[in-house]
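Remarks on the overall topology
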Amino acid sequence: MQPVSYRRVRAVDEAVRAGSAPGSAFYAGGTTLVDLMKLDVMMPASLIDITHLPLAAIEETNRGLRIGALARMSDVARDARVVERFPAVAEALERSASGQLRNMATIGGNVLQRTRCAYFRDAATPCNKRRPGSGCGAREGINEDHAILGTSEACIAVHASDFAVTLAAFDAIVHTTSANGERAIPSAAFFHRPEATPDRETALEPGDLIVAIELPRSRAAARSTYVKVRDRTSYAFALASCAAGVERAPDGTLADVRVALGGVATVPWRAHAAEAVLRGARPNAETFAAAARAEFAQARPTTQNAYKIELGMRTMVRALETVTA
Amino acid sequence: MIVEDPRSARTAERITLRVNGTDRTLDVDARVTLLDALRERLALTGSKKGCDHGQCGACTVLLDGRRVLSCLTLAVAAEGAEILTVEGLAREGELHPVQRAFVACDALQCGYCTPGQIMSAIGCIAEGRTGDDAEIAEAMSGNLCRCGAYPMIREAIARAAG
């Protein structure tokens, strides 16, 4: 691990000032940062400990629920309002990581967690995300866990967060603050596809601090689920996952439908093509299969991960079956 | 207080950690994890270093009553918190009920993961996640046991929670 300085801050403006210095990084749960500092993948010069800022509350807003950035995953997963109005969010959090990690990791940090791509995590190998221009070790290497949607020539790394998949599904808003003022960034604009710059993962600029994540309420969010498929029953990253929520019209058709995918894409993946098939349609096996085919028609597998097309389609169908049952 | 060491350009800090009810003051580099501070500086070697990357659970301790991984927690960031390690469980020579249950159920073989299992089990019981065997298995999935003592570990937790 490289030398680093440490400073604990007590106020948001103090954090923003300290965080705008080159080479600084915010320390919250530490579960990604300390792990990757040990691997010399992240090498900040200074750590700004924000865990004592008053940003952990979960509050009602006109639009829905505003979750403070420092709320722990475990607390959000068990909040009665989250469980009732956003069951997919609670389920995604419960199925993430382990009990210890959920007690540590914050909601703001969760959306900034880095990919589990083994080449990204190994500083001795090429990786365009870690060292721009060095190449991609995964494309011709071991890529059975890698993405089939949203990939680029430069990068095929999967976005690791389960929680972020539900943010994509329900149009969450990431609230930030910085020396330049406050921003409310829709989740669709927050996560950047790799394209030619896989090192630019989000819309955050240096010094931006996430202060809250807002979940707008909707009938589809209140009737939602999160299906996660992985190599073992618990404590593993998704091979494929799907957040789905529906609102039924009086005639039984789907008045509103939200579908997002995890484990198969470079960013939390809103399944617009699938939603276009489903919206206004009658929920049945043929419709679900057609929706899944529409979404995965754009999949681009590499040498070892073509199985994720069928797995991803089945995961989506199961989520839709579950939420319309 | 931050102390700059001009020889190394490292940044050391004097901190006081409250461990098992006792204040312990030490100078640490900002990079030192809570696990290394406990083991290497405070001679509390009960918490184990397995993977050192948050994947095995052997380093689990309670921080303000919640189970966390000491290998991914910086020691400087733990200042001000109540830290409980496996060494702090016994009271006047009496083992903690979870420790007693692990002995009674033979819930270990080599014992390396056991302190982390026990601290995680205490957290798991406090979280109320011991309704049945499947719930215990799910709630304890962050603690690996290479000897495969899982059935007895789950039995010990169920017994202690009972």
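All values derive from a computational prediction rather than experimental measurement.

Turning to the overall build of chain A, a few remarks are in order. For chain A, the helix and strand inventory stands at 14 helices and twelve strands. Over its C-alpha atoms chain A spans a radius of gyration of 19 Å, differing by no more than 12% from the 20 Å that the globule rule assigns to 325 residues. With the C-alpha coordinates of chain A rotated into their principal frame, the extents come out at 60 × 50 × 35 Å. For chain A, the residues scored as buried account for 55% of the 325 residues in total. Counting only contacts in chain A whose residues sit at least 6 apart along the sequence, the fraction spanning at least 24 positions is 65%.

On to the overall build of chain B. Within chain B, the regular secondary structure consists of five helices and six strands. Reading chain B from its N end, one meets helices and strands in the order β-β-β-α-β-β-β-α-α-α-α. In terms of overall dimensions, chain B is globule-like: its C-alpha atoms have a radius of gyration of 17 Å, near the 15 Å expected for 162 residues. Relative to its 162 residues, chain B shows a buried fraction of 46%.

Across the boundary between the two partners, chain B contributes 28 residues, which contact 22 residues of chain A. Taken together, the elements giving at least two residues each to the side of chain B that touches chain A come down to β2 (10–19), β5 (66–69), α3 (114–126) and α4 (133–139) of chain B. Among the elements that make up the side of chain B that touches chain A, the one with the highest residue count is β5(B) (four residues). For the side of chain B that touches chain A, the per-class residue count stands at ten nonpolar, eleven polar and seven charged.

Residue and element names in this part refer to chain A. Of the pairings in the sheet, the one linking strand β2 (residues 24–27) to strand β3 (residues 46–49) comprises four bridges and is parallel in character. Paired with F26 across the bridge in β3 is I48. Following the backbone out of β2, through helix α2 (residues 33–38) and into the adjacent parallel β3, one traces a crossover that is right-handed.

Its place among the elements puts T166(A) in helix α9 (residues 163–169). Residues contacting T166(A), with those up to four places away along its chain left out, are A88(A), V89(A), A92(A), Y226(A) and A243(A).

In this section: the domain arrangement of chain A. By the assigned domains, chain A splits into domain 1 (5–52) and domain 2 (219–324). The centre of domain 1 of chain A, based on its C-alpha atoms, is set 36 Å off from the matching centre of domain 2 of chain A.

Turning to the domain arrangement of chain B, a few remarks are in order. Residues and elements named next belong to chain B. Domain assignment breaks chain B into domain 1 (2–88) and domain 2 (97–161). For domain 1 and domain 2, the distance between their C-alpha centroids amounts to 24 Å. Listed as interface residues are 15 residues of domain 1 and, on the opposing side, 13 residues of domain 2. Those elements that provide at least two residues to the side of domain 1 that touches domain 2 are β4 (60–63) and β5. With three residues, β4 is the largest single contributor of residues to the side of domain 1 that touches domain 2. For the side of domain 1 that touches domain 2, a count of residues per class yields six nonpolar, six polar and three charged.

This brings us to helix α2 (residues 97–104) of chain B. Residues and elements named next belong to chain B. Buried within α2 are the following residues: V98, Q99, A101 and F102. The buried residues of α2 occupy one face: seen down the axis, they fall within an arc of 160°. Looking at the buried positions of α2, the neighbouring elements they touch are α3 and α5 (150–161). Phi turns positive one or two residues past the end of α2, at D106, with a value near 55°.

What follows is about the confidence of the model for chain B. All names here are of chain B. Here chain B shows a mean pLDDT of 94. Residues at 70 or above account for 93%. Low pLDDT, under 50, characterises residues 1–10; the predicted model gives this stretch 13 contacts beyond four residues in sequence or across chains. Scoring the predicted complex yields pTM 0.96 and, for the interface, ipTM 0.96.

For the rest of this paragraph, the subject is the nonpolar core. Grouped together as the largest cluster of nonpolar side chains are 156 residues, with contacts concentrated most on L261(A), M316(A) and A75(B). By residue number, the principal contributor to this core is helix α14 (residues 307–324) of chain A, which donates seven residues. Contact partners of A75(B), with chain neighbours within four places excluded, come to I15(B), L17(B), V28(B), V32(B), T33(B), L34(B) and A37(B).

Residue and element names in this part refer to chain A. Spatial strand order, β9-β10-β11-β12: four strands in an open sheet with antiparallel pairing. Strands at the two margins of the open sheet, each flanked by one partner only, are β9 (224–229) and β12 (269–270). In terms of strand pairing, strand β11 (residues 254–262) meets β12 through two bridges, oriented antiparallel. Note on β12: the bridge partner recorded for A260 is R270. Strands β9 and β10 (240–248) of the sheet are contacted by helix α5 (residues 87–94), whose axis makes an angle of about 25° with β9.

Rules used in this analysis
Position numbers for residues count from 1 along each chain, tracking the sequence in the order it is written. In the order they appear in the text, chains get letters beginning with A and ligands get numbers beginning with 1. Local features in a predicted model are, by the rule used here, given only for residues with pLDDT of at least 70; side-chain atom pairs are given and counted only at 80 or more, and totals for whole chains, interfaces and linings are based on all residues. Counting from the N terminus, the helices are the DSSP runs of H or I reaching at least four residues and the strands are the DSSP runs of E reaching at least two. Put simply, the radius of gyration uses C-alpha atoms, and a globule should come to 2.2 Å times the residue count raised to 0.38. Burial is judged by counting other C-beta atoms within 10 Å of a residue's own C-beta: 20 or more means buried, 12 or fewer means exposed, and anything between counts as partly exposed, with every C-beta placed from the backbone. Any residue pair is listed as a contact if its two C-beta atoms, each placed from the backbone, are within 7 Å. Gly counts as polar in this scheme, as do all residues outside two lists: the nonpolar Ala, Val, Leu, Ile, Met, Phe, Trp, Tyr, Cys and Pro, and the charged Asp, Glu, Lys and Arg. Between any two strands, pairing holds if DSSP finds at least two bridges. Clockwise travel from the first strand over the helix to the second, with the strands pointing away from the viewer, marks a crossover as right-handed. Segmentation into domains, and thus their bounds, comes from an automatic or database assignment. Each C-beta atom gives one direction from the helix axis, and the arc is the one those directions make. Confidence of the predictor at the level of single residues is captured by pLDDT, which takes values from 0 to 100. When buried Ala, Val, Leu, Ile, Met, Phe, Trp, Tyr and Cys residues are joined through C-beta atoms within 7 Å, the set is termed a nonpolar core. Note on method: axes are straight lines fitted to C-alpha atoms, helices fitted across the in-contact stretch only, with angles between N-to-C directions ranging 0 to 180 degrees.

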